[in-house]
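Spelled out, the chains give:
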Amino acid sequence: IVGHIYAQPLYWRPPSSDRGLLVIGTEDDTVYALDANTGAIIWKVTLGSPVPMSSLSCGNIDPLGITGTPVIDAGSRAVYLDAVVDEKGHPQHLIFGLSLRDGSTLPGWPVNVSAALEKRGLHFNARDQNQRGAVTIVGGRVYVPYGGHFGDCGNYRGWVVGLSLDDPKDMIAWQTRAPGGGIWATGGISYDGQSLFIATGNTM
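This one's a predicted model, so the numbers in the text were calculated from it and none came from an experiment. (Residues numbered from 1 in each chain as written. Predicted model: local features only at pLDDT ≥ 70, side-chain atom pairs only at ≥ 80, totals over all residues. Heavy atoms only, no water.)

Colleague: Any chance you could break down the sheet that holds strand S11 (residues 159-164) for me, citing the residues and the numbers?
Modeller: Within the open sheet, the four strands sit side by side as S9-S10-S11-S12. Their pairing is antiparallel. Looking at strand neighbours, the two that pair on one side only are strand S9 (136-138) and strand S12 (171-175), the edges of this open sheet. Taken pair by pair, the neighbouring strands of this sheet meet at an average axis angle of 20°, ignoring direction. Note: strand S10 (residues 141-146) against S11, six bridges, orientation antiparallel. Note that in S11 the partner of Tyr143 across the bridge is Gly162. (Pairing = 2+ DSSP bridges. Helix = DSSP H or I, 4+ residues; strand = E, 2+ residues; numbered from the N terminus. Axes fitted to C-alpha atoms, helices over the stretch in contact; angles between N-to-C directions.)

What follows is the structure, given as structure tokens:
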């Protein structure tokens, strides 16, 4: 496995199959699917170039790629995750949907979070935002929580971004009123059947 692993590895077994997969995302922006019995690589895909810490205001992960735990949607046989990708020296948060069959990117994905929010008149500073909490699927949407980097630097807020699995252009979003207030918990978002719950910290 190339790259540090901060995200929880996930297990998935296709229906009517005796071979399970371990799905692993790394800080090198690479996703692996390993045979759970033998450890053999079934597929792997690199989603872009990770961001060196020198390109960030602060932090303690070098390089920075996939940090938050992805989520599997068994019905569509897909895995969803956030990857920080270096695009011409500018860190960007891209939300991917990948097929569990072969790792290919699903139609309409990835979604550039900054660009999508800008179209809605909202500012998301991708360089100062980090994505540590686990990704969640509720009601046909993938929800991604955001906070800041270690060192609590720059212009960041706590964010929750929700994208429709059927139409990733269908986005909803929430942010903390004050700067800071990052969603740091690795467990991510909780759901009680009606509402989403998050905990924030470091609100200024």
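On we go.
Colleague: Which residues make up unusual backbone geometry, and what are the values?
Modeller: Each neighbour pair has its own omega, and for Asp62 with Pro63 the value is -5°, a cis peptide bond. In this structure, Pro63 sits in the loop between strand S4 (41-46) and strand S5 (71-73). Here the bond from Trp109 into Pro110 is cis, since omega is 0°, no more than 30 degrees from zero. Relative to the helices and strands, Pro110 resides in the loop between strand S7 (90-99) and strand S8 (111-112).

Colleague: Any chance you could break down the pairing of strand S6 (residues 78-87) for me, citing the residues and the numbers?
Modeller: With eight of its ten residues buried, S6 lies for the most part within the structure. For S5 and S6, the ladder comprises three bridges, and the chain directions are antiparallel. What sits directly across from Asp73, in S6, is Ala78. Counted along the chain from S5 to the antiparallel partner S6, the turn is four residues long, and its residue Arg77 has a positive phi close to 55°. Where S6 hands over to S7, the hairpin turn is made up of two residues, of which Lys88 adopts a positive phi near 55°. (Buried < 20%, exposed > 50% of the residue type's maximum accessible area, 1.4 Å probe, protein only.)

Geometry only, nothing functional implied.
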